[in-house]
Amino acid sequence: MTERLEDIAQAMVQPGQGILAADESTGTIKKRLDSIGVESSEETRRDYREMLFRTDDAMNNYISGVILYDETLRQKAADGTPLVDLIKSAGAVPGIKVDMGAKPLAGHAGETVTEGLDGLRERLNEYYELGARFAKWRGVISISDTLPSKTAVSVNAHALARYASLCQEAGIVPIVEPEITMDGATSTHDINRCFQVTLETLQKTFAALDEQEVNLEGMILKPNMIVPGINCAQQASVEEVAEKTLLCLKTAVPTAVPGIAFLSGGQSEEQATAHLSAMNAMGDLPWALTFSYGRALQAAALKAWGGKSENVAAGQRAFTHRARMNGLAAVGSWKQDIEAA
Ligand code: 13P
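So, here's what we can say about the structure.

About the criteria used
- Along each chain, the written sequence defines residue order, and numbers are assigned to residues from 1.
- In view of the model being predicted, local features appear only for residues whose pLDDT reaches at least 70, and side-chain atom pairs are presented and counted only at 80 or more, with totals across whole chains, interfaces and linings using the full set of residues.
- Hydrogens and water molecules were not included; the side-chain quantities draw on all heavy atoms of the structure.
- By convention in this text, a residue qualifies as near a molecule or strand provided that one of its non-hydrogen atoms is within 4 Å of it.
- For the purposes of these results, a polar contact is taken to be a pair of N or O atoms within 3.5 Å, where, inside protein, one atom must be able to donate a hydrogen and its partner to accept one; residues adjacent in sequence count only when each atom of the pair is a side-chain atom.
- Per-residue accessibility takes into account occlusion by the displayed protein chains alone, with areas from the Shrake-Rupley method and a 1.4 Å probe.
- Two kinds of site are reported from a 1 Å grid over the protein atoms alone, namely cavities, where a 1.4 Å probe fits but cannot get out, and pockets, open sets with protein on both sides within 12 Å along at least five of seven lines, and residues are called lining when an atom falls within 4 Å of a point.
- Assignment to a cavity or pocket requires that more than half of a molecule's atoms be within 2 Å of the site's grid points.
- Numbering goes from the N terminus for both helices and strands, where a helix is a DSSP run of H or I of at least four residues and a strand is a run of E of at least two.
- The nonpolar class holds Ala, Val, Leu, Ile, Met, Phe, Trp, Tyr, Cys and Pro. Asp, Glu, Lys and Arg form the charged class, and all remaining residues, Gly among them, are polar.
- Here the axes come from fitting lines to C-alpha atoms, over the contacting stretch only for helices, and the angles between their N-to-C directions go from 0 to 180 degrees.
- Throughout this description, any angle smaller than 35 degrees is read as roughly parallel, any larger than 145 degrees as roughly antiparallel, any in the 65 to 115 degree range as roughly perpendicular, and the remainder as oblique.
- Crossing handedness is defined as follows: a turn of the near helix away from the far one that is anticlockwise and smaller than a right angle gives a left-handed crossing, while the clockwise case is right-handed.
- Only heavy atoms enter the contact rule, under which two residues are in contact if any of them lie within 4.5 Å.
- Grid points are joined across faces, edges and corners, and a volume is the space filled by probe spheres set on the points.
- Partly exposed residues are those whose accessible area sits between 20% and 50% of the maximum for their type, while under 20% is buried and over 50% is exposed, using a 1.4 Å probe and protein chains only.
- Two strands pair under a simple rule: DSSP has to find at least two bridges between them.

### Brief notes about the site of the ligand
Around the ligand, the structure places 13 residues, and the nearest of them are K136, K222, S264, G265 and G294. E177 is positioned such that a nitrogen or oxygen atom in its side chain is 2.9 Å from an oxygen atom of the ligand. Note that an oxygen atom of the ligand is positioned 2.8 Å from one of the side-chain N or O atoms of R295. Protein chains bury 92% of the 300 Å² of accessible surface belonging to the ligand in isolation. When each cavity is represented as a set of grid points, the ligand is found to reside in the largest pocket. Listed by contribution, the elements that provide at least two residues to the shell around the ligand are β6 (134-141) and β10 (288-293). Each residue belonging to the shell around the ligand can be placed in one class, and the counts come to three nonpolar, four polar and six charged.

Shown next as structure tokens:
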């Protein structure tokens, strides 16, 4: 029996839980492993991710879904158990990154369009057989005083909607991710510029989803928060980020969308947690608000592990701590003093 898209989406944003983005491509995971002096091989990538997925406390209590890369979806743990089965047995939903990356947009220097639509129907059907019940596609919008162009926003919105529609046909919940980057080339833009560009991008994305008749109740939105660029002289308080992000989302995101799961995008681990908690504490929201963090969930665990089998328990402790902090943030109950304790 196929599960309903709406039920899968609700499970992904259940109270106090969120999504672990562990879908780094082979190139990106190599950078992460390089940073701890570990050579990237099929085995080390497996060992690292197996450590995360076997962290029972984090996985059972705070993680509702895991986004995987193609290799990981097909990989087995050291004892032969498919990694997908570890995720399922922890009560989390396995998901898959299906885009083929952001590629230079013709005629638009410094901008990209995400590719991967050709053959996507067939790939989705195979991913479904392999156990994936949700997918992710990331459109990247570069921001500056003059970027993005209308073209970049519109082609990425169109591709996101094409992808979302194909996912739903295959019984897979699409995570729709239009990311306005905070850590791009110059990143000196201020928080108001981020607000303006994010609002326009979300509005165009929902117009494309509407035009292509995507079922909003069977999707999850993965947006950036409204933050200044990392090199902007004027940084923002937690409260300002929370207020501006909520205003932007309330203006652009239909209430039929069951949940919004933020990317961390280069925020520190604690910032990403504090922002999410502040928004949930403000309350009275029409959708669930949670996390779909990559770096902000994994950085401490990666460092504590350091590629050594004797450090697996330390890596798992670090992952559990971060997952628990974000689980609290997903219900607005995180406090700085719990962080230290
Ligand atoms: P970050 O949280 O590290 O930005 O990664 C989330 C993600 O999946 C981006 O596509």
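Back to the text.
### Structural notes on the packing of helix α3 (residues 42-53) against helix α12 (residues 295-305)
Their axes nearest at 11 Å, the elements α3 and α12 cross at an angle of 120°. In terms of orientation, α3 lies oblique with respect to α12. By crossing handedness, the relation of α3 to α12 is classed as right-handed. Touching T44, D47, Y48, M51 and L52 of α3 are Q298, A301, L302 and W305, all from α12. Taken together, the residues of the contact of α3 with α12 sort by class into six nonpolar, two polar and one charged.

### Comments concerning the layout of surface pockets
The space that makes up the largest pocket amounts to roughly 770 Å³. Looking at the largest pocket, it is lined by 31 residues, and the ones nearest its centre are E24, T28, K97, K136 and R138. Where the lining of the largest pocket is concerned, the elements lending two or more residues are α2 (26-34), α7 (120-129), β6, β7 (173-180) and β10. Partitioned by chemical class, the residues of the lining of the largest pocket number eight nonpolar, eight polar and 15 charged. Space inside the second largest pocket adds up to approximately 160 Å³. Lining the second largest pocket we find P148, S149, K150, V153, R193, Q196, V197, E200 and K204. Elements with a minimum of two residues in the lining of the second largest pocket: α8 (150-169) and α9 (191-211). For the lining of the second largest pocket, the element with the highest residue contribution is α9, accounting for five residues. Considered class by class, the residues forming the lining of the second largest pocket number three nonpolar, two polar and four charged.

### Points about the pairing of strand β2 (residues 63-68)
Of all six residues in β2, six are buried; the element is thus mostly enclosed. One ladder, built from five bridges, connects strand β1 (residues 18-22) with β2; its direction is parallel. Residue pairing in the sheet places G18 in a bridge with I63 of β2. Bridge count between β2 and strand β3 (residues 93-97): four bridges; the pairing is parallel. Within the sheet, the bridge partner assigned to I67 lies in β3 and is G95.

### Side note on the environment of E240
One can find E240 in helix α10 (residues 238-252). In the structure, E240 is positioned 14 residues away from I226 in sequence and 8.9 Å away in space, judged by C-alpha atoms.

### Overview of empty space enclosed by the protein
Scanning the model with the defined rule gives one cavity of 30 Å³ or more in all. Considering only enclosed or pocket space, the largest cavity measures out at about 80 Å³ in volume. Every residue lining the largest cavity is counted, 14 residues in all, and those nearest its centre are I180, M182, N224, M225 and V227. Residues of the lining of the largest cavity, tallied by class, amount to seven nonpolar, six polar and one charged.

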